[in-house]
Amino acid sequence: MSLLKIATAGAGVLREEAVQVAPEEIGSEKRQLFLEDLRETLLDSGGVGLAAPQVFTSLRIIAVSIQEGILDEDASVRSVPMEIWINPIFRKLSDRRAVNWEGCLSIPGYMGPVERPLEVELEGYNEKGEKRTVRADGFYARVLQHEIDHLDGILYVDRMKDMRSFSRDNSTVFLC
Ligand code: ZN
């Protein structure tokens, strides 16, 4: 296992549309080793999510890991044990939207407010190649959408409505 280098804004890979992973490929040794490295890199980063393009790998794979108490001021944040999503797609479950601050491991030192759908349903494959679906809301839904944006070459700053809010990170924002 090894820690992977995290791409920062300006790296071309962050602006590419990532490639689908063939389900029969998920079990291969090469893919499994990559998933181990992706998990390890996410844990080491202290972030809550990491997408494959953020480690210079243009594949539709994300890792999410939310530890309880990560946002002290928000008691509604539930913990999510480390999970892998391969070829994830989401649809919004309602028209409810919310604005919250986001940070990104690929834009270190900054944060900005982003409006996103509040409730989504996610579908994809896990690390065993099993298809699964989950309903997510609040913080979890936000992290999933931020990560899936990375698979489409989108950074959170692209979704900010007012760049005057783009700020130095005050260390209370989560990173993904
Ligand atoms: Zn990010």
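This write-up is about the structure you can find in this document. Predicted model only: the values in this text are computed from it and were never measured.

About the cut-offs
Residues numbered from 1 in each chain as written. Predicted model: local features only at pLDDT ≥ 70, side-chain atom pairs only at ≥ 80, totals over all residues. Heavy atoms only, no water. Buried < 20%, exposed > 50% of the residue type's maximum accessible area, 1.4 Å probe, protein only. Helix = DSSP H or I, 4+ residues; strand = E, 2+ residues; numbered from the N terminus. Pairing = 2+ DSSP bridges. Expected span 1.5 Å × (residues − 1). Arc of directions from axis to C-beta. Contact = heavy atoms within 4.5 Å. Salt bridge = Lys/Arg side-chain N within 4 Å of Asp/Glu carboxyl O. Donors = N, O, S within 2.8 Å, 3.2 Å for Na, K, Ca; no water. Tetrahedral: all angles 85-135°; square planar, octahedral: opposite > 155°, others 65-115°.

**Some details on the pairing of strand β5 (residues 110-117)**
Logical step 1: Across the eight residues that make up β5, a large majority, six, are buried.
Logical step 2: Sheet topology note: the strand β4 (residues 97-102)/β5 ladder contains six bridges and is antiparallel. Bridging from a neighbouring strand, Asn100 pairs with Val114 of β5.
Logical step 3: Relative to strand β8 (residues 167-168), β5 runs antiparallel, the two being bridged by two bridges. Bridge pairing links Met111 to Ser167 in β8.

**Considering helix α1 (residues 29-45)**
Logical step 1: Across its 17 residues, α1 extends 24 Å between first and last C-alpha, which sits within 8% of the 24 Å expected from 1.5 Å per residue.
Logical step 2: For α1, the full list of buried residues reads Arg31, Phe34, Leu35, Asp37, Leu38, Thr41 and Leu42. In a view along the axis of α1, the buried residues occupy a sector of 165 degrees, so they form one face of it. Facing away from the buried side of α1 by more than 90 degrees, the exposed set consists of Glu29, Leu43 and Asp44.
Logical step 3: Where α1 is buried, its residues touch β1 (49-51), β2 (61-66) and β3 (80-92).

**Comments concerning the pattern of salt bridges**
Logical step 1: Under the criterion given, the structure shown has 17 salt bridges.
Logical step 2: A salt bridge links Asp152 to Arg60; its shortest N-O distance comes to 2.8 Å. With Asp152 in the loop between α2 (138-151) and β8 and Arg60 in the loop between β1 and β2, this residue pair connects regions lying 92 residues apart in the sequence.
Logical step 3: Take Arg60: its relative accessible area is 9%, and that puts it in the buried class.
Logical step 4: Here Glu123 and Lys131 are joined by a salt bridge, their closest N and O atoms 3.6 Å apart.
Logical step 5: Assessed through its relative accessible area of 55%, Lys131 is described here as exposed.

**Focus: the coordination of the zinc ion**
Logical step 1: Within the protein, the atoms that donate to the zinc ion are Cys104 (SG), His146 (NE2), His150 (NE2) and Cys176 (O), at distances of 2.0 to 2.3 Å.
Logical step 2: Taken together, the four donor atoms coordinating the zinc ion and their angles of 96 to 137 degrees define a geometry best described as irregular.

**A word on the side chain of Asp149**
Logical step 1: If you trace the backbone, Asp149 turns up in helix α2.
Logical step 2: Once you skip the residues sitting within four places of it in the chain, Asp149 turns out to touch Arg116, Ile154 and Arg159.

**Some words on the sheet that holds β4**
Logical step 1: Pairing within the open sheet is antiparallel, and its three strands lie in the order β4-β5-β8. A strand with exactly one partner marks an edge of an open sheet, and here the two such strands are β4 and β8.

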